[in-house]
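The residues making up each chain are set out below.
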Amino acid sequence: MADFKGHFSKLKRFLSTCIISIFLTTPSVASNDGGISSNIQVIEKIQSFNPKLNQEDAYKILLDAVKWAGEFNISPTTILSIIAKESSFATNAFGKGSYGLMQVQLGYHRDKFKDALHLTGSKNPMDRSASIYVGARIYKDCERRYLRIERALKCYNGNFSAKSTYAKDVLRLKKQFDMLTISV
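Conventions adopted
- Residues numbered from 1 in each chain as written.
- Predicted model: local features only at pLDDT ≥ 70, side-chain atom pairs only at ≥ 80, totals over all residues.
- Heavy atoms only, no water.
- Pairing = 2+ DSSP bridges.
- Helix = DSSP H or I, 4+ residues; strand = E, 2+ residues; numbered from the N terminus.
- 1 Å grid on protein atoms, 1.4 Å probe; cavity = no way out; pocket = protein on both sides within 12 Å on 5 of 7 lines; lining within 4 Å.
- Points joined across faces, edges and corners; volume = space filled by probe spheres on them.
- Core = buried A, V, L, I, M, F, W, Y, C linked by side-chain atoms within 4.5 Å.
- Buried < 20%, exposed > 50% of the residue type's maximum accessible area, 1.4 Å probe, protein only.
- Contact = heavy atoms within 4.5 Å.
- Phe/Tyr/Trp six-rings, centres within 6.5 Å; stacked < 30°, edge-to-face > 60°.
- Axes fitted to C-alpha atoms, helices over the stretch in contact; angles between N-to-C directions.
- Parallel < 35°, antiparallel > 145°, perpendicular 65-115°, else oblique.
- Nonpolar A, V, L, I, M, F, W, Y, C, P; charged D, E, K, R; others polar.
- Expected span 1.5 Å × (residues − 1).
- Left-handed = near helix turned anticlockwise from the far one by under 90°.

A.B. asks: Before we go on, may I ask you to explain the sheet that holds strand β1 (residues 94-95) in this structure?
C.D. replies: Strands pair in a sheet through their backbones, by hydrogen bonds, and they do so in one of two ways: parallel or antiparallel. As summarised here, the arrangement of the 3 strands in space is β1-β2-β3, forming an open sheet in which the pairing is antiparallel. Where the open sheet ends on each side, the last strands, each with one partner, are β1 and β3 (104-105). Where strand β2 (residues 98-99) meets β3, 2 bridges bridge the pair, whose relative direction is antiparallel. Residue pairing for β3: Ser98 is matched across the bridge by Gln105.

Quick look at the structure:
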């Protein structure tokens, strides 16, 4: 049974990659603007959190969110919602030992950035792709452990207090992102 689950997981990743490849080669996405126009609503939503972010950088964040969400079998809108809550899409965000778009705590997750070097080309927590990779990996670990999205979000945040509004805030943001079409 374990072998079947492993093969099924690999098959899902392969199919996700194929689907993304098909979308990237369709005329509406492979336009002169690199796919920005087909995702303008999502890009504008990202920019609403960080007006200093230009369209190209917002699109790169979207692409990385979709890529790493696919790798870990997570909804891209979950990743985007965590980024919105954690850093408001500020690529240079840091505070209280947390770094990057996904505000990863280096004290707990430094080892994951070493793994990120092989996959993203960077182990810098301020690097867009490395931050999203590590954050998605942490979230997936939480999701496996707690099964429910609310508990997984509390795990990601490291705060299980009944007074914490973190999970509710992220889920509210997720509803907003879920209303938009992502076509990458």
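Read on for the rest.
A.B. asks: Teacher, can you tell me more about the layout of surface pockets here?
C.D. replies: To find leftover empty space, a probe the size of one water molecule is rolled over the atoms. Size it by volume and the second largest pocket reaches roughly 340 Å³. Lining the second largest pocket are 19 residues; nearest its centre among them are His109, Ile138, Cys155, Tyr156 and Gly158. Secondary-structure elements contributing two or more residues to the lining of the second largest pocket are β3, α5 (106-120), α6 (128-146) and α7 (149-157). Tallying contributions element by element places α6 first for the lining of the second largest pocket, with 5 residues.

A.B. asks: Can you walk me through the nonpolar core in this structure?
C.D. replies: Across soluble globular proteins, nonpolar side chains have a tendency to be buried as a group. Ranked by internal contacts, the top residues of the largest apolar core, which has 45 residues, are Ile46, Ile79, Leu80, Phe89 and Met102. Those elements that provide at least two residues to this core are α2 (40-49), α3 (55-71), α4 (76-87), α5, α6, α7 and α8 (166-178). What Phe89 contacts, discounting residues up to four positions off in sequence, is Ile46, Phe49, Asn50, Leu53, Ile61, Leu80, Ile83, Ala84, Leu101 and Phe177.

A.B. asks: Please explain the packing of aromatic side chains as it appears in this structure.
C.D. replies: What describes a pair of aromatic rings is the distance from one ring centre to the other and the angle between the planes of the rings. All chains considered together, the criterion is met by 6 aromatic pairs. Between the aromatic rings of Phe72 and Tyr133, the centroid separation amounts to 5.6 Å while the plane-to-plane angle is 45°, which identifies the pairing as tilted. Of the two residues, Phe72 is situated in the loop between α3 and α4 and Tyr133 in helix α6; the sequence distance between them amounts to 61 residues. Exposure class is identical for Phe72 and Tyr133. Each is buried. Both rings, one in Tyr146 and one in Phe160, keep their centres 5.3 Å apart while their planes meet at 50°; by these two values the pair is tilted. You can see Tyr146 sitting in helix α6 and its partner Phe160 sitting in the loop between α7 and α8, a full 14 residues away along the chain. With relative accessibility at 26%, the residue Tyr146 sits in the partly exposed group.

A.B. asks: Which parts of the structure should I look at to understand the packing of α2 against α3?
C.D. replies: Two quantities define a packed helix pair, namely the angle between the helix axes and the distance between the axes. Contact pair α2 / α3: the axes reach a minimum separation of 9 Å and the direction vectors enclose 105°. Taken together, the axes of α2 and α3 lie roughly perpendicular to each other. Where α2 approaches α3, its residues Ile40, Val42, Ile43, Ile46 and Gln47 are matched on the opposing element by Gln55, Ala58, Tyr59 and Leu62. Looking at the contact of α2 with α3, its residues break down into 7 nonpolar, 2 polar and no charged.

A.B. asks: Looking at this structure, how should I read the environment of Ile82?
C.D. replies: When you line up the elements, Ile82 lands in helix α4. A residue is classified by how much of its surface remains accessible, and Ile82, at 0% relative accessible area, is buried. Spatially, the C-alpha atoms of Ile82 and Tyr139 are 9.4 Å apart, while their sequence positions differ by 57 residues. Those residues in contact with Ile82 that sit more than four places away from it in its chain are Met102, Tyr139, Leu153, Tyr156, Tyr166 and Val170.

A.B. asks: Explain α4 to me, please; I cannot follow it from the model alone.
C.D. replies: At 3.6 residues per turn, the α-helix brings residues three or four places apart onto the same side. For α4, built from 12 residues, the straight-helix expectation of 16 Å at 1.5 Å per residue is met to within 8% by its first-to-last C-alpha distance of 16 Å. When you tally the buried positions in α4, you get 9 out of 12 residues, the bulk of the element. Residues of α4 that are buried include every one of Thr77, Thr78, Ile79, Leu80, Ser81, Ile82, Ile83, Ala84 and Ser87, and no others. Of the surrounding secondary structure, the elements contacted by the buried residues of α4 are α2, α3, α6, α7 and α8. Downstream of α4 by a residue or two, Ser88 has a phi angle that is positive, lying close to 55°.

A.B. asks: What exactly am I supposed to notice about the packing of α3 against α4 here?
C.D. replies: The contact between α3 and α4 brings their axes to 8 Å, and the two run at 125°. On the basis of their axis angle, the class for α3 and α4 is oblique. In this structure, α3 crosses over α4, and the sense of that crossing is right-handed. Contacts from Ile61, Leu62, Ala65, Val66 and Ala69 of α3 reach α4 at Pro76, Ile79, Leu80 and Ile83. The residue makeup of the contact of α3 with α4, split by class, is 9 nonpolar, no polar and no charged.

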